[in-house]
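Structure assessment
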Amino acid sequence: LAAHLSLSLAECPGTGSAQAGRAAACQGCPNQGLCAAGAAGPDPAEAAELRARLRAVRHTVLVLSGKGGVGKSTFSALLAHGLAADETKQVALLDIDICGPSIPKMMGLEGEQVHQSGSGWSPVYVEENLGVMSVGFLLSSPDDAVIWRGPKKNGLIKQFLRDVDWGEVDYLIVDTPPGTSDEHLSIVQYLSATHIDGAVIVTTPQEVSLQDVRKEINFCRKVKLPIIGVVENMSGFVCPKCKNESQIFPPTTGGAEKMCQNLSVSLLGKVPLDPQIGNSCDRGQSFLAEAPESPATLSYRNIIQRIQEYCEQQHLQEEKIM
């Protein structure tokens, strides 16, 4: 059984494949029937609803990580802050980490609640041009545990996309939980009705993290999700006094740079450790604004610029096709 399961996982054709549910590797998979019936994505009516709600969203970027604790939510929050620093851009941050929603605290919105209007749920705004939605806004206490099975999680993700009044948005950033499971499949399948620019994958330098990131890259390729690139977080520590750099998490197998070369994926940049990043997140403030000259801030700004350039290039290519 273990050998069969290993073979099935390795050779899964992916939900978007013509062989989905029909390949030899699909035998015994609990989702075989859904894939074979073409039910892996939203039905036509759902797809139409999602297109109508998200038609004014120009760019959508998913932030993924194979392993927890690599700073994915921190990156999502700072990416949103960095993009919203341009007051001409409207930015939305959607937190689909259902069991561990940390975005409300990082964005300084803990204790806020979702309000409903005639046009749907209203995002909670950090600034006029930066709105946030998270399951954390639906809990009576930040200490409440969300003990849900997959279908209920998937239903809430669909609600966030379909029922939130996002309005006109230049960038929709989606913060996901670690792994390659229900939430990831759901967000990719629901957004397939509209458009996804791609995914940014966050890792740390050590092999134990890179192992899981390779799985995440494989997941993206299986579901035909474009990969914008990889960010190596906690990449060394620059002493604020002597300016010397130390490797807190030594890249024993070459780090993200070597992995990206081997897998033909772009390395967007390396962000050094800075204790003030965690301090700023705990207080719900933007580290980029509080430490504008930090090496970490300079790295973040370079990465954000590269993501913007990628999204604009994608937009131009789509316009040419149309």
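Residues numbered from 1 in each chain as written. Predicted model: local features only at pLDDT ≥ 70, side-chain atom pairs only at ≥ 80, totals over all residues. Heavy atoms only, no water.

Thoughts on the pairing of strand 2 (residues 91-95)
- Burial analysis of strand 2 places five of its five residues in the buried class, which makes it a mostly covered element.
- Where strand 2 meets strand 6 (residues 130-134), five bridges bridge the pair, whose relative direction is parallel. Looking across to strand 6, one finds that Leu-93 is bridged to Val-132.
- Where strand 2 meets strand 7 (residues 169-175), five bridges bridge the pair, whose relative direction is parallel. From the neighbouring strand, Asp-95 faces strand 7, where its bridge partner is Asp-175. (Buried < 20%, exposed > 50% of the residue type's maximum accessible area, 1.4 Å probe, protein only. Helix = DSSP H or I, 4+ residues; strand = E, 2+ residues; numbered from the N terminus. Pairing = 2+ DSSP bridges.)

What about the nonpolar core?
- Of all hydrophobic cores here, the largest spans 85 residues; its most connected members are Leu-62, Phe-75 and Ile-307.
- Beyond its immediate chain neighbours, meaning those up to four positions away, Phe-75 contacts Val-63, Val-200, Val-202, Val-231, Tyr-300, Ile-303 and Ile-307. (Core = buried A, V, L, I, M, F, W, Y, C linked by side-chain atoms within 4.5 Å. Contact = heavy atoms within 4.5 Å.)

Observations concerning the environment of Gly-118
- Inspection of the secondary structure puts Gly-118 in the loop between strand 3 (115-117) and strand 4 (120-122).
- Sequence spacing of Gly-118 and Asp-165 is 47 residues, and the spatial spacing of their C-alpha atoms is 9.4 Å.

Overview of the packing of aromatic side chains
- Across all of its chains, the model carries two aromatic pairs by this definition.
- Note on Phe-75 and Tyr-300: the rings are 5.9 Å apart at their centroids and 25 degrees apart in plane angle, and the pair reads as stacked. Here Phe-75, found in helix 4 (residues 72-84), pairs with Tyr-300, found in helix 12 (residues 295-321); they are 225 residues apart in sequence, far enough to count as distant.
- On the basis of relative accessibility, which here comes to 1%, the residue Phe-75 falls in the buried class.
- When the centroid spacing of 6.0 Å and the interplanar angle of 65 degrees are considered together, the rings of Trp-121 and Phe-160 count as edge-to-face. Of this pair, Trp-121 sits in strand 4 while Phe-160 sits in helix 6 (residues 150-163), and the two are 39 residues apart along the sequence.
- On the basis of relative accessible area, Trp-121 is assigned to the buried category, the value being 12%. (Phe/Tyr/Trp six-rings, centres within 6.5 Å; stacked < 30°, edge-to-face > 60°.)

Some details on the side chain of Thr-204
- Its location among the elements puts Thr-204 in the loop between strand 8 (198-203) and helix 8 (207-222).
- A polar contact is formed between the side chain of Thr-204 and the side chain of Gln-206, at a distance of 2.9 Å.
- When sequence neighbours within four positions are dropped, the list of residues in contact with Thr-204 reads Val-70, Ser-209, Leu-210, Glu-232, Asn-233 and Met-234. (Polar contact = N/O pair within 3.5 Å; in protein donor to acceptor, adjacent residues only side chain to side chain.)

Some thoughts on the packing of helix 8 against helix 9 (residues 255-263)
- Direction vectors running N to C along helix 8 and helix 9 enclose 35 degrees, while the axes themselves pass 11 Å from each other. Crossing angle aside, the handedness with which helix 8 passes helix 9 is right-handed. Contacts between helix 8 and helix 9 involve Leu-210, Val-213, Arg-214, Ile-217 and Arg-221 from the first element and Gly-255, Ala-256, Met-259 and Leu-263 from the second. (Axes fitted to C-alpha atoms, helices over the stretch in contact; angles between N-to-C directions. Left-handed = near helix turned anticlockwise from the far one by under 90°.)

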